[in-house]
Amino acid sequence: MSCEEDKFFMRLISDKETEDVFYSLINKEHWNQSLSRIKAIHEVFPSNIFVMIKRETEEVIAVVIAIPTHPGQFIVGDLVVREDHRKQGLGARMMQMVVEKHSHFTLTLISMHGTESFYRKLGLQEVGPTHCGYYLEVDREMVKQICSDNPLDNDISINLYTNGVFPALNKYDTNARGYDCGKYLSVMTKTSSHFLVASSRTLEKMIGYASCIETANILRFDGMYADSDTVALHIFREMIEAFPHIKEIRVQTIKPREFLIQFGNLLPKTQTFTRMATGPVPDVCLSKLYAVNDCGYTE
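Residues numbered from 1 in each chain as written. Predicted model: local features only at pLDDT ≥ 70, side-chain atom pairs only at ≥ 80, totals over all residues. Heavy atoms only, no water.

Q: I would appreciate a short explanation of the pairing of strand β11 (residues 218-226) in the present structure.
A: Residues in a regular strand project their side chains so that they alternate between the two faces of the sheet. β11 sits mainly inside the fold: nine of its nine residues count as buried. The sheet contact formed by strand β10 (residues 205-215) and β11 spans seven bridges and is antiparallel. By the bridge assignment for β11, A210 is matched with M224. Turn length for the β10-β11 hairpin, with the two strands adjacent in sequence and antiparallel, is two residues, and the turn residue A216 shows positive phi of about 50°. The sheet contact formed by β11 and strand β12 (residues 248-254) spans four bridges and is parallel. Across the sheet, I218 pairs through a bridge with E248, a residue of β12. Between β11 and its parallel partner β12, the chain crosses via helix α8 (residues 229-241), and the hand of that crossover is right-handed. Across two bridges, β11 lies against strand β15 (residues 289-291) in antiparallel orientation. Opposite M224, over in β15, you have A291 as the bridge partner. (Buried < 20%, exposed > 50% of the residue type's maximum accessible area, 1.4 Å probe, protein only. Helix = DSSP H or I, 4+ residues; strand = E, 2+ residues; numbered from the N terminus. Pairing = 2+ DSSP bridges. Right-handed = clockwise from strand over helix to strand, strands pointing away.)

Below is the structure:
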């Protein structure tokens, strides 16, 4: 797949390139990503991480990831062009190649504020809902008090994830999302800094989970679903107590699912993101959603 000037071409990433691509491109954007996650994505989805190569020097100068979600749908993320090669149209060329490669599928992405016109030119349109990324200075004493005032039923337990519960987790996640995301869920369980699951002995089923990544002294919630606010509250408390040194947390969610942002002081760097797609997409299931996970923001 060659660019028009034939100076650059796109291909799949190789095993030996994942670490360099992470540190030289993705990590500099301070997204919800880690080297272990990029390696796990490459292992589980070997045909879904693309890099752009400068033909003359064989350098990697851009990356993008496209992961299957709903049947017939891919989500695009982590589009990064190396800083010294920006403003040359390479991001647009790479996205156009991805669109053409997946022409029989619907592509979705979460665009950063101000980049919507870039994607409209590539044939994507806003489909909603709006995502908001909140940064909080968490109030641990408030969380403890609210948990004390709203206790869990005695039959509910919150525990660290173990491999043996993956079938139950996948079943719960599929019900909560409205589609089977088992492959990416397996990536999350392998690469999260902390992964908690909530279960009811009486109901004999899972009733919630949360995944977090710690990067740059920020605890980033990277997916949380729960059957009730009370369950979500207690998962949240267990998660922040596992990181006593962390003062700042990040929660990305969808309006009006903003329950978690009440548990601290909002910091003045809230971000908004627009969901865009190349075609019709199913509605997002909101009833159990407390924090979205992502494949990295698309810039």
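Q: Teacher, can you tell me more about the nonpolar core here?
A: In globular proteins that are soluble, nonpolar side chains generally tend to be buried together. Counting residues in hydrophobic clusters, the biggest one holds 43 residues, and the most contacted among them are V21, I41, V63, L169, Y184, F195 and Y209. The element best represented in this core is helix α2 (residues 35-44), accounting for five residues. Of all hydrophobic cores here, the second largest spans 33 residues; its members include L136, C147, F236 and L260. (Core = buried A, V, L, I, M, F, W, Y, C linked by side-chain atoms within 4.5 Å.)

Q: For this particular structure, what's the right way to read helix α6 (residues 166-177)?
A: The periodicity of an α-helix, 3.6 residues per turn, causes residues three or four places apart in sequence to face the same way. Taking 1.5 Å per residue, twelve residues should reach 16 Å; α6 reaches 16 Å between its end C-alpha atoms and fits that length. All of the buried residues along α6 are L169, N170, Y172, D173, A176 and R177. Down the axis of α6, the smallest arc covering the buried residues is 165°, so these residues share one side. Facing away from the buried side of α6 by over 90 degrees, the exposed positions are P167, K171 and N175. Packed against the buried residues of α6 are α7 (182-191), β9 (194-200), β10 and β11. (Expected span 1.5 Å × (residues − 1). Arc of directions from axis to C-beta. Contact = heavy atoms within 4.5 Å.)

Q: Is there a simple way to explain the packing of aromatic side chains in this structure?
A: The description of an aromatic ring pair rests on the distance of the ring centres and on the angle between the ring planes. Within this structure, the stated rule accounts for eleven aromatic pairs. On the basis of an interplanar angle of 10° and a centroid distance of 5.4 Å, the ring pair of F195 and Y209 is categorised as stacked. With F195 in strand β9 and Y209 in strand β10, this residue pair connects regions lying 14 residues apart in the sequence. When its relative accessible area of 4% is taken as the criterion, F195 is described as buried. Owing to a relative accessible area of 0%, Y209 belongs among the buried residues under this scheme. Of the aromatic side chains, those joined through ring pairs into one cluster are Y161, Y172, F195, Y209 and Y225. The ring of Y290 has R257 sitting right over it, with the charged end atom 4.8 Å from the ring centre. Positioned above the aromatic ring of Y135, the side-chain terminus of K269 is 4.5 Å from the ring centre. (Phe/Tyr/Trp six-rings, centres within 6.5 Å; stacked < 30°, edge-to-face > 60°. Lys NZ or Arg CZ within 6 Å of the ring centre and 35° of its normal.)

Q: Would you take a moment to explain the side chain of R275 for this structure?
A: Tracing the backbone shows R275 in strand β14 (residues 271-277). No salt bridge forms around the buried R275; measuring N to O, its nearest opposite-charge neighbour D283 is 6.7 Å away. Engagement of the side chain of R275 in a polar contact is seen with the backbone oxygen of G128, the distance being 3.1 Å. Sequence-distant contacts of R275, defined by excluding residues within four places in its chain, comprise Q73, L109, I110, Q125, E126, V127, G128, P129, V281, P282 and V284. (Lys, Arg positive; Asp, Glu negative; His and termini not counted. Salt bridge = Lys/Arg side-chain N within 4 Å of Asp/Glu carboxyl O. Polar contact = N/O pair within 3.5 Å; in protein donor to acceptor, adjacent residues only side chain to side chain.)

Q: Any chance you could explain empty space enclosed by the protein here in plain terms?
A: To find leftover empty space, one rolls a probe the size of a water molecule over the atoms. In this structure the tally under the stated criterion is one cavity of 30 Å³ or more. If you go around the largest cavity, you meet 25 residues; those closest to its centre are I75, R177, Y179, R275 and N293. For the lining of the largest cavity, the class distribution of residues is 15 nonpolar, six polar and four charged. (1 Å grid on protein atoms, 1.4 Å probe; cavity = no way out; pocket = protein on both sides within 12 Å on 5 of 7 lines; lining within 4 Å. Points joined across faces, edges and corners; volume = space filled by probe spheres on them. Nonpolar A, V, L, I, M, F, W, Y, C, P; charged D, E, K, R; others polar.)

Q: I keep staring at the layout of surface pockets and nothing clicks. Help me out?
A: One number sums up the size of the second largest pocket: a volume of about 160 Å³. Lining the second largest pocket are A168, K171, Y172, N175, E204, K205, M206, D227 and K288. Taken together, the elements giving at least two residues each to the lining of the second largest pocket come down to α6 and β10. It is α6 that provides the largest number of residues to the lining of the second largest pocket, a total of four residues. A per-class count over the lining of the second largest pocket returns three nonpolar, one polar and five charged.

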